[in-house]
Amino acid sequence: QVQLVESGGGLVEPGGSLRLSCVASGFPFRWYAMSWYRQAPGKERELVAGITSAGGRTNYADSMRGRITISRDNAKRTVYLQMNSLKPEDTAIYYCNVHRDRDYWGQGTQVTVSS
């Protein structure tokens, strides 16, 4: 079955960086676009970034554009989210997503930006 396992979250000071990873299994990874979402306390889950199956096209949320980069390694079945210049408002649980017959989600990784 589809499994998405995120890692790389943690506590970081404002202005810091984190690199999130999501390892996928249970489906032909190289055929599918992948996305990162986040959900802050009391807010709805929102799209952060997406990448096409071959990695040729990406899209980013306006709130994080210029500070994040999504990438993928199809040989490693992994999608990454490099986040720089983090702000306290970036604090959220970050989720990996793939849409096949339905949306599949990982368990999420907590990112906390605080001094």
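Residue positions are given per chain, counting from 1 as you read along its sequence in written order. Local features in this predicted model are restricted to residues whose pLDDT is 70 or higher, and side-chain atom pairs enter the listing and the counts only when it is 80 or higher, whereas totals over whole chains, interfaces and linings include all residues. The side-chain numbers reported here are obtained from all heavy atoms of the structure, hydrogens and water having been left aside.

**Thoughts on the state of the cysteines**
Part 1 of the argument: By convention in this document, the label disulfide applies to cysteine sulfur atom pairs within 2.5 Å. A complete count under the given rule lists one disulfide for this structure.
Part 2 of the argument: One disulfide bridge connects Cys-22 with Cys-96, the sulfur atoms lying 2.2 Å from each other. Judged by the sign of its S-S torsion, about -80 degrees, the cystine formed by Cys-22 and Cys-96 is left-handed. On the criterion of sequence distance, the pair formed by Cys-22 in strand β3 (residues 18–25) and Cys-96 in strand β9 (residues 92–99) is long-range, its members being 74 residues apart.
Part 3 of the argument: Relative accessible area decides the class of each residue, using a 1.4 Å probe on protein chains only: under 20% of the type maximum gives buried, over 50% gives exposed, and in between gives partly exposed. By relative accessible area, which is 0% here, Cys-96 ends up buried. Elements are defined by DSSP. Helices are runs of H or I of four residues or more, strands are runs of E of two residues or more, and each kind is numbered from the N terminus.

**What to know about the side chain of Thr-109**
Part 1 of the argument: Within the fold, Thr-109 resides in strand β11 (residues 109–113).
Part 2 of the argument: Side-chain polar atoms of Thr-109 contact the backbone nitrogen of Gly-9, separated by 3.0 Å.
Part 3 of the argument: We call two residues in contact whenever any of their non-hydrogen atoms come within 4.5 Å of each other. Among all residues touching Thr-109, those that are not within four sequence positions of it are Glu-6, Ser-7, Gly-8, Gly-9, Leu-20, Ala-92, Ile-93 and Tyr-94. Think of a polar contact as two N or O atoms within 3.5 Å of one another; within protein, one of them needs to be a possible hydrogen donor and the other a possible acceptor, and neighboring residues in sequence only count if both atoms come from side chains.

**Brief notes about the nonpolar core**
Part 1 of the argument: Leu-4, Met-34, Trp-36, Val-79, Leu-81, Met-83 and Tyr-94 are the most contacted members of the largest nonpolar core, which totals 30 residues.
Part 2 of the argument: Going through the elements one at a time, β3, β4 (34–39), β5 (46–51), β7 (68–73), β8 (78–83), β9 and β11 are the ones with two or more residues in this core.
Part 3 of the argument: For Val-79, the contacting residues outside a window of four places in its chain are Leu-20, Ser-21, Cys-22, Phe-29, Met-34, Trp-36, Ile-51, Ile-70, Ser-71, Arg-72 and Cys-96. Among buried residues, those of type Ala, Val, Leu, Ile, Met, Phe, Trp, Tyr and Cys that are joined through side-chain atoms within 4.5 Å constitute a nonpolar core.

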